[in-house]
Amino acid sequence: DQTKITKLLNNVICSVAGQSVISNAWDALFRDKNGGPTYVKGEKIVIKLNLNNGGKSNAIDASPQSVFALLDGLINQFGASQADITLCDPARENQCSAVKNYCQTAFPEVNYDSNLGGFTPNAFAYSAAGPTETSMSTAIVKSKYLITMAILKRHCTPATTYHDLTDKTDY
């Protein structure tokens with residue numbers, strides 16, 4: 001039920017921002033990020049999705065209904081420009097089909113995971129034990145805002161039964 005999902009997401013965003021109206025919540029979040037000024041049309045917003053099974057279904061990908069709710073709040077309620085928004089999972093470029101199929105009629109000017117510009121080398125320096133990442137999606141590097149959209153479900157293909165988390169044989 002898209003109406004219920006939109007209401008739920010708006011309530012979460014309002015709660016995080018300490019506001020009762022979604023347009024005011026987005027304004028407060030942008031002002032907080034910017035130290036005062038709000039979003040201005042033309043500033044790029046990247047929404048990083050999780051498209052773990054390649055964007056073709058909702059099995060372990062971002063829910064198209066949740067993405068729709070986020071776009072509705074940003075565009076229809078707050079007034080962000082569709083053309084300023086890119087939906088993507090840079091590790092799976094051009095694999096946003098289920099989200100695009102669901103959202104594109106209402107939001108035709110949003111960039112659905114295409115023309116991300118590859119990767120920008122040495123975009124950041126991170127050092128820790130293990131592999132070192134030295135590049136980042138060019139679309140993200142060139143954006144002013146990055147919204148990471150969590151998926152609140154397993155990060156792997158769902159199983160038919162629940163397994164004890166101490167049993168690592170199915171991971």
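See the structure above.
Reading guide: rules and limits
Residues numbered from 1 in each chain as written. Predicted model: local features only at pLDDT ≥ 70, side-chain atom pairs only at ≥ 80, totals over all residues. Heavy atoms only, no water. 1 Å grid on protein atoms, 1.4 Å probe; cavity = no way out; pocket = protein on both sides within 12 Å on 5 of 7 lines; lining within 4 Å. Points joined across faces, edges and corners; volume = space filled by probe spheres on them. Helix = DSSP H or I, 4+ residues; strand = E, 2+ residues; numbered from the N terminus. Nonpolar A, V, L, I, M, F, W, Y, C, P; charged D, E, K, R; others polar. Expected span 1.5 Å × (residues − 1). Buried < 20%, exposed > 50% of the residue type's maximum accessible area, 1.4 Å probe, protein only. Arc of directions from axis to C-beta. Contact = heavy atoms within 4.5 Å. Polar contact = N/O pair within 3.5 Å; in protein donor to acceptor, adjacent residues only side chain to side chain. Phe/Tyr/Trp six-rings, centres within 6.5 Å; stacked < 30°, edge-to-face > 60°. Core = buried A, V, L, I, M, F, W, Y, C linked by side-chain atoms within 4.5 Å. Axes fitted to C-alpha atoms, helices over the stretch in contact; angles between N-to-C directions. Parallel < 35°, antiparallel > 145°, perpendicular 65-115°, else oblique. Left-handed = near helix turned anticlockwise from the far one by under 90°.

We now examine the layout of surface pockets. By volume, the largest pocket is sized at about 750 Å³. Lining the largest pocket are 23 residues, and of these Leu9, Ile13, Leu70, Thr148 and Met149 lie nearest its centre. Secondary-structure elements contributing two or more residues to the lining of the largest pocket are helix H1 (2-17), helix H2 (22-34), helix H3 (64-78) and strand S6 (145-148). Among the elements that line the lining of the largest pocket, the one with the most residues is H1, at six residues. For the lining of the largest pocket, the class distribution of residues is 18 nonpolar, three polar and two charged.

This part covers H1. The end-to-end C-alpha distance of H1, which contains 16 residues, comes to 22 Å, matching closely the 22 Å that a straight helix rising 1.5 Å per residue would cover. Those residues of H1 that fall on the buried side of the exposure criterion are Gln2, Thr6, Leu9, Asn10, Ile13, Cys14 and Ala17. In an axial view of H1, the angular spread of the buried residues amounts to 135°, which keeps them on one side of the axis. Exposed side chains of H1 directed beyond 90 degrees from the buried face belong to Lys4, Lys7, Leu8 and Ser15. Contacts made by the buried residues of H1 are with H2, H3 and helix H4 (97-103). For H1, the side-chain oxygen to backbone nitrogen distance between the N-cap and Thr3 is 3.1 Å, and the N-cap itself is Asp1. Within two residues after H1, Gly18 carries a phi angle of roughly 70°, on the positive side.

What follows is about the environment of Met136. Note on placement: Met136 falls in strand S5 (residues 135-137). Remark: the alpha-carbon pair of Met136 and Thr120, spanning 16 residues in sequence, is separated by 5.4 Å.

Our next topic: the packing of aromatic side chains. Two measures describe an aromatic ring pair: the distance that separates the ring centres and the angle between the ring planes. This model, assessed by the stated rule, comprises eight aromatic pairs. Relative to Phe30, the ring of Trp26 has its centre 6.0 Å away and its plane inclined at 35°; by these criteria the two rings are tilted. Of this pair, Trp26 and Phe30 are both found in helix H2, four residues apart, which corresponds to roughly one turn of the helix. A residue is classified by how much of its surface remains accessible, and Trp26, at 6% relative accessible area, is buried. Ring geometry for Phe30 against Phe78: centres 5.3 Å apart, planes inclined by 25°, an arrangement best described as stacked. Here Phe30, found in helix H2, pairs with Phe78, found in helix H3; they are 48 residues apart in sequence, far enough to count as distant. Site record: aromatic cluster; members linked through ring pairs are Trp26, Phe30, Tyr39, Phe78 and Tyr145.

By size, the foremost hydrophobic cluster in this structure holds 34 residues, and its most contacted members are Ile47 and Leu71. Elements with a contribution of two residues or more to this core: H1, H2, strand S1 (45-48), H3, strand S2 (85-88), H4 and S6. Looking at this core, the element that brings in the most residues is H3, giving eight residues. The contact partners of Leu71, leaving out residues within four places of it in the chain, are Ile47, Asn76, Ile85, Leu87, Cys103, Phe107, Val110 and Tyr112. With five residues, the next largest nonpolar core counts Val46, Cys88, Ala139 and Ile140 among its residues.

At a minimum axis separation of 9 Å, H1 and H2 run at an interaxial angle of 45°. Comparing the axis directions of H1 and H2 gives the class oblique. Judged by the sense of rotation from one axis to the other, the crossing of H1 with H2 is left-handed. Counting all contacts with H1, which are made through Asn10, Ile13, Cys14, Val16 and Ala17, the residues of H2 involved are Ile22, Ala25, Trp26, Ala28 and Leu29. Class assignment of the residues belonging to the contact of H1 with H2 gives a composition of nine nonpolar, one polar and no charged.

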